[in-house]
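An overview of the molecular structure
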Amino acid sequence: MNQQPQPWREGLSVAALLAEQGRAADAVATALNGAFVPRGRREATLIRPGDELTLIQPITGG
């Protein structure tokens, strides 16, 4: 995740990973193997060994 190797377990979804890490679903954008994963698809999107998950936290301010 974000260039840090992770031992993804079988059946782990993007939504489950975010919940396990205590991240609010609306606080980050997600990309799996470089492809954007919309919030509505995170539950059905499984992370497999070798996948690269990127979490992008919006920057606020001016």
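Okay, so let's go over this structure. (Residues numbered from 1 in each chain as written. Predicted model: local features only at pLDDT ≥ 70, side-chain atom pairs only at ≥ 80, totals over all residues. Heavy atoms only, no water.)

1. Regarding the overall build of the chain
The cut-off we apply is this: Under the scheme used here, helices are H or I runs from DSSP no shorter than 4 residues and strands are E runs no shorter than 2 residues, and both carry numbers assigned from the N terminus. Burial status follows relative accessibility: with a 1.4 Å probe on protein chains alone, a residue under 20% of its type maximum counts as buried, one over 50% as exposed, and anything between as partly exposed. Where accessible areas are quoted, they stem from the Shrake-Rupley method and a 1.4 Å probe; at the residue level, only the protein chains shown are allowed to cover.
Looking only at helices and strands, the chain features one helix and three strands. For the chain, the α and β elements follow one another from N to C terminus as α-β-β-β. Every one of the 62 residues in the chain was classed for burial, and the buried ones make up 29%. Carbon and sulfur atoms make up 51% of the accessible area of the chain, which totals about 4,300 Å².

2. Some remarks on the side chain of T30
Defined as follows: Identification of polar contacts relies on pairs of N or O atoms within 3.5 Å, with a donor-acceptor requirement for protein atoms, meaning one able to donate a hydrogen and the other able to accept it, and with residues adjacent in sequence counted only if both atoms are side-chain atoms. Contact criterion: two residues are considered in contact whenever any of their non-hydrogen atoms come within 4.5 Å of each other.
Residue placement: T30 occurs in strand β1 (residues 29-32). A distance of 3.1 Å separates polar atoms of two side chains, one belonging to T30 and the other to R42. Setting aside residues no more than four positions away along its own chain, T30 makes contact with V14, L18, A35, F36, V37, R42, T54 and L55.

3. Topic: the sheet that holds strand β2 (residues 35-37)
In a beta sheet, neighbouring strands pair by backbone hydrogen bonds and run either parallel or antiparallel. How we decide: Between any two strands, pairing holds if DSSP finds at least two bridges. Structural elements are reduced to axes, namely lines fitted to C-alpha atoms, with helices fitted over the stretch in contact, and the angle between N-to-C directions of any two is expressed from 0 to 180 degrees.
Strand order in the open sheet formed by three strands is β2-β1-β3, with antiparallel pairing between adjacent strands. Two strands bound the open sheet, and with one partner strand each, they are β2 and β3 (53-56). Neighbouring strand axes in the sheet, compared pairwise and without regard to direction, differ in orientation by 30° on average. Here β1 pairs with β3 via four bridges, running antiparallel. Considered in β3, the bridge of A31 is made with T54.

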